Structures are given as structure tokens and as C-alpha cells.
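Analysis of the macromolecular model
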Amino acid sequence: MPKFTLLILPGDGIGPEVMAEVRKVIDWLGRRRGLAFDVQEDLVGGAAIDAQGVPLADATLAKAQEADAVLLGAVGGPKWDGLPFAQKPERGLLRLRKEMDLYANLRPAQCFEALADFSSLKREVVAGLDILIVRELTSGIYFGEPRGIFTEGNERVGINTQRYTESEIARVARTAFELARRRRNRVCSMEKANVMESGVLWREVVTAVHARDYPDVDLTHMYADNGAMQLTRRPKQFDVIVTDNLFGDLLSDLAAMLTGSLGMLPSASLGAPGANGRPTALYEPVHGSAPDIAGRGIANPVASILSFAMALRYSFDAGDEADRIERAVGAVLAAGGRTADLMGPEGGTPLSTAAMGDAIVAALDAGAG
Ligand code: NAD
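Residues numbered from 1 in each chain as written. Predicted model: local features only at pLDDT ≥ 70, side-chain atom pairs only at ≥ 80, totals over all residues. Heavy atoms only, no water.

Further remarks concern the pairing of strand β10 (residues 240-243). Side chains V240 and V242 project from β10 onto one buried face, and the interleaved I241 and T243 project onto a second face that is buried too. With 4 bridges connecting them, strand β5 (residues 130-136) and β10 associate as parallel partners. In the sheet register, L132 faces β10, and the bridge partner there is V240. As paired strands, strand β8 (residues 186-191) and β10 are joined by 4 bridges and run parallel to one another. Pairing of S189 across the sheet is with V242, part of β10. (Buried < 20%, exposed > 50% of the residue type's maximum accessible area, 1.4 Å probe, protein only. Helix = DSSP H or I, 4+ residues; strand = E, 2+ residues; numbered from the N terminus. Pairing = 2+ DSSP bridges.)

Set out below in C-alpha cells:
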């Protein structure tokens, strides 16, 4: 069987530090599980500006488009803050998302038992939580026309337009149904069909796609404001939530924070399935390049390692290996392994970035997975 190809773009700040730990897990899978990847590495963001003069070279973009999945660390930092907007490191990431047409943003909210007390909600509400929010990323009110600030009579008016085509709704709905089949087979679609025509169309199209191609998946609908309430009241009732760009922006932040530290949060952005059936895919931690701690070897690599686990589950049909990695992370946390960002008031000695990566590999070795 041909090896899957992975393009790693470590980027800036703590990006290269956390990606070095992901490499350890990738190597472990090749060594111990016979799942070897053809891994390439390249530059993005400030690192690419310094070496190549642009935040994403055309050749790097071409490699990203050819790879089975891209793993990105983080981009940006004070060194490049003075550059004009169009030349900033972040433009590299935006260009990747645009050119790869990554229209579905996946944000899981997963609560490890050992970290349940970190949540602002009660332990029993969040312990064991595992939900996935699929947010439409390339349309809706952030892109719709007309937009702008106009003068009407003797005052100004600010306008944004919520606009969705049937095909834009259908493709993100498909993504959600496909993902649900790899999980607990349930999708809850959220909109505001009670007050918005775009919500009425959203509900109609999701229902039609479901009836036509995914009748085996359990589909429910919920108004997004009720969804926000339910996410804080009883989040474990959900498996996959699919929603538009604006509601997804709010609901995914809300859901992510149910589970605590930024250093723990993975994400993925998916595009259309290619000829091989796999979607174009970019996996990255939610956090940025953390210039305040970069170079000190104290960043938490778990968000990046869990992003790789998402790649295994959603790009490589290796959900059992993803489970194994997630269980190994859980075992390290349960044994008290903590990077500095996860230290509670009880104190203790934090693990370095490398020691956390080693502990996860040791847990994999010990069969914790
Ligand atoms: P940030 O996520 O980099 O950091 C916010 C805070 O969280 C900092 O105190 C940082 O030390 C801490 N933190 C983040 N990740 C951590 C980890 N893995 N382990 C331990 N602590 C962690 O956000 P910011 O400070 O607003 O932005 C810094 C730079 O990153 C900026 O240049 C910004 O543009 C960029 N950024 C990039 C991305 C991305 O690449 N996707 C996302 C957000 C911000």
C-alpha cells in the first residue's frame, strides 16, 4: 500500500517546538504500529518570510495541495508585526485555507477526566465530554454582499449580509454526516430558522441531504440560541454539531472553553473530497505562536498531538490509532503529568515540552493506549 503523505509546516514561535513532539508520535506509529507516513517539512509564516521573502511560497502551496494532509504549528510573532497586512505571517495561513478551499472547520471539545476540574462548569457536566463542532468557514455573514458602512439620510448604517447557497450548505452538511459516521453517528444542525430565511433554507437543505444520502445518521435540529444554552447545560447530549460561520464562531469558542486550556485544543479544516475520497485537510492547534514562552521549551504539545490524532481519524481512517493516542494523553494526565499551563494551585514540577512528548510516547509504549 502506498504511504500516506504528510506535509508538516511548523511555522513560528512554539510551532517548531510542539511539532517536534508530534514527530515523535508519528515515528512511534511507524515503528510500533506499521503505519508509516511519507513526511515532508517546509516553511510557513515568519520563517518563510525570513527565508523566502513571502509567508507561503507557491512551491509550498503546491506541496500542501498534493499532500494527503497538512499539519501546521503556528504562525506570527512580534518580529513581523510591523509588516503591512498583506505581507504578514498570518497571510500564509489565510492563503493556505483559501487555496485549499477549506470550507469546514472542525473544533472538538473533549474533556480529559484528569482535567475536568479545570473547566468553569461542574466536573460531572464536562468529565468525559467528546463533541465536535463543524463550522462553515468560507461563506455566510462574514463574506456576504452588500457589506459596508453607508450613509442613509442623515445617519450612517452598517450592513453585513447573511447569504448561503444550497450547495454551500449541502457540502458542509455532507462533511458533518461523514464525520458522524466515524463517531457516534449523531448530527445536530443549528440555525435560527425561526427568524432568518437563510436559516429556513439551511434546515431544508440539511434535511434533504440527510434523507437522500445519510438516513442511517441520527439528525436533529436546534435553534442556535437554544444550542448555546444546551452546550452549557448538558453538553454531553451532542455528538456532531453543524452550523454556519457566525454561529459556529461563537459556539465553537464556547464549547472549547468547556474543557480548559488553550494548550489542549486541536482543530481541523477540511475541503472537498478528492479522487481518492479523502478531503483536502489542514490540522492545527487552536493556539498561536505564543511568543511570550517561545524558545523556553515549556509549551504544551498536546493540542498539536491531538490535531495529528484528528488527522488519523478524519483523513486516514485510522480511528483506532487516534483513540490510542488520546488514551495515552489521558493516561499521562491521570498520572499527574502536566506542562506549565496545566499546573493547578496544588503546584508541583511541570514537564517540559519534550518531557510531555516523551511521556506520551512512553504511555503508548506501555500500552496505555
Ligand atoms: P497565543 O495562542 O499564541 O497565546 C495566548 C496565550 O496562551 C499566551 O499566554 C501563550 O503563552 C499561551 N499558550 C498558547 N499556546 C500554548 C501552549 N501550547 N502551551 C502553553 N501555553 C500556551 O495567542 P496570542 O498571544 O494572541 O498570539 C501570538 C501570535 O500568534 C500572534 O502573532 C498571533 O497573530 C499568532 N496567532 C496565530 C495563530 C495560528 O497560527 N493559527 C492563531 C492565533 C494567534
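Still more to cover.
As a further point, take the site of the ligand. Residues in close proximity to the ligand total 20 residues, the closest being E90, G288, A290, D292 and N300. Here an oxygen atom of the ligand and a side-chain polar atom of E90 are 2.6 Å apart. At 2.8 Å, a side-chain N or O of D292 approaches an oxygen atom of the ligand. Alone, the ligand offers 800 Å² of accessible surface; in the complex the protein occludes 68% of this. (Near = heavy atom within 4 Å. Polar contact = N/O pair within 3.5 Å; in protein donor to acceptor, adjacent residues only side chain to side chain. Areas by Shrake-Rupley, 256 points an atom, 1.4 Å probe, with all protein chains shown as cover.)

Another aspect to go through is the side chain of E284. Structurally, E284 is set in strand β12 (residues 279-285). On the basis of relative accessibility, which here comes to 6%, the residue E284 falls in the buried class. In this structure the side chain of E284 is engaged in a polar contact, spanning 3.0 Å, whose partner is the side chain of R97. E284 has contacts with L72, L93, R97, P266, S267 and S307, leaving out every residue within four places of it along the chain. (Contact = heavy atoms within 4.5 Å.)

On to the pattern of salt bridges, then. Here the structure, examined in full by the defined rule, presents 28 salt bridges. Between D213 and R212 there is a salt bridge, with the nearest N and O atoms lying 3.8 Å from each other. Among the residues examined, R212 registers a relative accessible area of 55% and is labelled exposed. Three or more residues are tied together by salt bridges with common partners; here these are D130, R183, R184 and D239. (Salt bridge = Lys/Arg side-chain N within 4 Å of Asp/Glu carboxyl O.)

Per the domain assignment, the segments of the protein chain are domain 1 (1-108 + 267-369) and domain 2 (130-258). Computed from C-alpha atoms alone, the centre-to-centre distance between domain 1 and domain 2 is 26 Å. Listed per partner, the contact involves 14 residues of domain 1 and 17 residues of domain 2. Surface buried jointly by domain 1 and domain 2 totals about 1400 Å² across both partners, of which 54% is contributed by carbon and sulfur atoms. The interface formed by domain 1 and domain 2 contains 3 salt bridges. The salt bridge involving R182 is made with D317; its shortest N-O contact spans 3.4 Å. At the surface where domain 1 touches domain 2, the tally comes to 8 residue pairs in polar contact (both at pLDDT 80 or more). (Domains from an automatic or database assignment. Buried area = accessible area lost by both parts, 1.4 Å probe.)

So, about the sheet that holds strand β4 (residues 104-110). Across the sheet, which stays open at both edges, the 10 strands sit in the order β2-β1-β3-β12-β11-β4-β5-β10-β8-β9 with mixed pairing between neighbours. Bordering the open sheet on either side are β2 (37-41) and β9 (218-223), each of which pairs with just one other strand. Averaged over all neighbouring strand pairs, the angle between strand axes comes to 20 degrees, with direction disregarded. As judged from the 7 bridges shared by β4 and β5, these two strands associate in the antiparallel manner. Bridge pairing links P108 to L132 in β5. Contacts from helix α3 (residues 58-66) reach β1 (4-11), β2 and β3 (69-74), with the element oriented near 140 degrees to β1. Across the sheet, helix α10 (residues 302-314) lies against β1, β2, β3, β4, β5, β11 (266-273) and β12, angled at about 160 degrees from β12, the strand it touches most. (Axes fitted to C-alpha atoms, helices over the stretch in contact; angles between N-to-C directions.)

Size it by volume and the largest pocket reaches roughly 720 Å³. When residues of the lining of the largest pocket are traced back to their parent elements, those giving at least two are β3, α4 (89-99), β4, α9 (245-257), β11 and β12. Top element by residues in the lining of the largest pocket is α4. It accounts for 5 residues. Residues that form the lining of the largest pocket fall into these classes: 11 nonpolar, 9 polar and 8 charged. Residue contributions to the lining of the largest pocket reach at least three from each of two domains, namely domain 1 (1-108 + 267-369) and domain 2 (130-258). Its boundaries defined by the atoms lining it, the second largest pocket holds a volume of some 230 Å³. Residue lining of the second largest pocket: 14 residues in total, with R174, T175, E178, P273 and P279 positioned closest to the centre. Put simply, the parts of the chain that give the lining of the second largest pocket at least two residues each are α6 (166-181) and β11. The element that contributes the greatest number of residues to the lining of the second largest pocket is α6, accounting for 5 residues. Residues that form the lining of the second largest pocket fall into these classes: 7 nonpolar, 3 polar and 4 charged. Shared between two domains, the lining of the second largest pocket takes at least three residues from each, and those domains are domain 1 (1-108 + 267-369) and domain 2 (130-258). (1 Å grid on protein atoms, 1.4 Å probe; cavity = no way out; pocket = protein on both sides within 12 Å on 5 of 7 lines; lining within 4 Å. Points joined across faces, edges and corners; volume = space filled by probe spheres on them. Nonpolar A, V, L, I, M, F, W, Y, C, P; charged D, E, K, R; others polar.)

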